Amino acid sequence: MSLLRLEGVRKGFQRGREQVLALDGVDLCLDAGDFTALVGPSGSGKSTLLHLAGGLDRPDAGRILLEDRDLSTLSAGERAQLRRRQVGFVFQFFHLIPTLTVSENVELPLVLDGVRSGNGRVGQLLDRVGLSHRADHLPGELSGGEMQRAAIARALVARPRLLLADEPTGNLDSATGAEILDVLCDQVSDDGTALLMVTHDIGAAKRANHVLHLRDGRLAKATARATR
Ligand SMILES: Nc1ncnc2c1ncn2[C@@H]1O[C@H](COP(=O)(O)OP(=O)(O)OP(=O)(O)O)[C@@H](O)[C@H]1O
Ligand SMILES: [Mg+2]
């Protein structure tokens, strides 16, 4: 059983009178412990694919199965719950809540899910991403790399099986980006999380097990890599 499976996924958007086909029949399988990089030109559908894979949006046609559950059969509430528990999102611009401390930001998914006393888990994750000393700081007091570490800790707090990252190093200098990539790769190898990461960075893509090329909403053949 694959962790994530996309079958014949199509997604269009209406732009004025024009219909834009963002994804045009995408088939994709992701297993636990896989790090898959998704590359392709701007507008090729990478973010759309990530949003659909995480149940943030729905396809016009085709099926998306997360641990063999067809997302289209779930209600909006069930999809929201699945997202909170099974999927972690990491974005280019971090999306931390500016009025909450680092620790509160990381704990938020648990709070929203009604899980009490996530303190131990939050502390453990901040330690893992090297941010314990910033636990009580506000996001505005952090560097870009530190904000992304906090966002990664938040994405991991509910122990998701699938981590979706949309250009997580795109807004960071190359040294900081490499550190963030280390954190993500460690998560894949230590916990067997599946990572699907959109990137424009060839160096980042080289560390993946597989590289998927998206062009005009279609996937080209996957490149398998022997090493991470
Ligand atoms: N909400 C939307 N409404 C209308 N069109 C959209 C919407 N979201 C995406 N699109 C269109 O779908 C296509 C794919 O967009 P998408 O954001 O997935 O590309 P991308 O590969 O992530 O690009 P980038 O590298 O610039 O982030 C583009 O033509 C885009 O304009
Ligand atoms: Mg994008």
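The present account deals with the structure reproduced in this document. All values reported here derive from a predicted model rather than from experimental measurement.

With respect to the sheet that holds strand 2 (residues 18-30)
Pairing within the open sheet is antiparallel, and its four strands lie in the order 2-1-4-5. Two strands lie at the open edges of the sheet, namely strand 2 and strand 5 (69-70), each paired on one side alone.

Re the site of ligand 1
Contacts to ligand 1 come from 13 residues, most closely from Arg15, Ser42, Gly43, Lys46 and Thr48. For ligand 1, an oxygen atom lies 2.9 Å from a polar atom in the side chain of Ser47. Within the side chain of Thr48, a nitrogen or oxygen atom sits 2.6 Å from an oxygen atom of ligand 1. In the complex, the protein chains occlude 66% of the 630 Å² of accessible area that ligand 1 would expose alone. At the level of elements, strand 1 (4-15), strand 2 and helix 1 (46-53) are the ones that each hand at least two residues to the shell around ligand 1. Looking at which element gives the most residues to the shell around ligand 1, the answer is helix 1, with three residues.

Examining empty space enclosed by the protein
What the rule picks out here adds up to one cavity of 30 Å³ or more. One number sums up the size of the largest cavity: a volume of about 70 Å³. Lining the largest cavity are Leu52, Gly55, Asp57, Arg58, Pro59, Gly62, Ile64, Asp70, Leu71, Ser72 and Arg79. In the lining of the largest cavity, the residues fall into four nonpolar, three polar and four charged.

Topic: the layout of surface pockets
Picture a little ball the size of a water molecule; that probe, rolled over the atoms, points out where space is still empty. In this model, the largest pocket occupies a volume close to 390 Å³. Put simply, the parts of the chain that give the lining of the largest pocket at least two residues each are helix 2 (76-86), strand 6 (87-91), helix 3 (102-112) and helix 5 (144-156). Among the elements that make up the lining of the largest pocket, the one with the highest residue count is strand 6 (four residues). Here the lining of the largest pocket is composed, by residue class, of 13 nonpolar, two polar and three charged.

Remarks on the side chain of Lys11
By the secondary structure assignment, Lys11 is in strand 1. What Lys11 contacts, discounting residues up to four positions off in sequence, is Val20, Leu21, Ala22, Leu23, Thr48, Leu52, Asp57, Arg58, Pro59 and Asp60.

Topic: the pairing of strand 7 (residues 162-166)
The buried fraction of strand 7 amounts to five of the five residues, a majority that puts the element mostly inside the structure. On strand 7, burial covers both faces: Leu162, Leu164 and Asp166 on one face and Leu163 and Ala165 on the other are all buried. Alignment of strand 6 against strand 7, held across five bridges, turns out to be parallel. From the neighbouring strand, Phe89 faces strand 7, where its bridge partner is Leu164. Looking at chain direction, strand 7 and strand 8 (residues 194-198) are connected through five bridges and run parallel.

Rules of the game
In this numbering scheme, every chain counts its residues from 1 along its sequence in written order. Here every chain gets a letter starting at A, and every ligand a number starting at 1, in the order they are written. For a predicted model such as this one, the threshold for reporting local features is a pLDDT of at least 70, and the threshold for listing and counting side-chain atom pairs is 80 or more; totals across whole chains, interfaces and linings nevertheless cover every residue. Heavy atoms throughout the structure, all of them, feed into the side-chain values; hydrogens and water do not. Two strands qualify as a pair provided DSSP detects at least 2 bridges between them. Think of it this way: any DSSP run of H or I at least four residues long counts as a helix, any run of E at least two long counts as a strand, and we number them from the N terminus. Here a residue is near a molecule or strand as soon as one of its heavy atoms is found within 4 Å of it. Within 3.5 Å is the distance limit for a polar contact, defined as a pair of N or O atoms, with the added protein rule that one can donate a hydrogen and the other accept it, and that residues adjacent in sequence qualify only through two side-chain atoms. Accessible surface is estimated by sampling points in the Shrake-Rupley manner with a 1.4 Å probe; for residues, cover comes only from the protein chains shown. Put simply, the grid is 1 Å and covers the protein atoms alone, a cavity is a trapped set of points that fit a 1.4 Å probe, a pocket is an open set with protein on both sides within 12 Å along at least five of seven lines, and lining residues have an atom within 4 Å of a point. Grid points are joined across faces, edges and corners, and a volume is the space filled by probe spheres set on the points. All amino acids are sorted into three groups, where Ala, Val, Leu, Ile, Met, Phe, Trp, Tyr, Cys and Pro are nonpolar, Asp, Glu, Lys and Arg are charged, and the leftover types, Gly among them, are polar. In what follows, a contact means two residues having at least one pair of non-hydrogen atoms within 4.5 Å. Think of it in three bands: with a 1.4 Å probe and only protein chains considered, a residue is buried below 20% of the maximum accessible area for its type, exposed above 50%, and partly exposed in between.

So, to be careful, I would describe these as geometric facts and stop short of saying anything about function.
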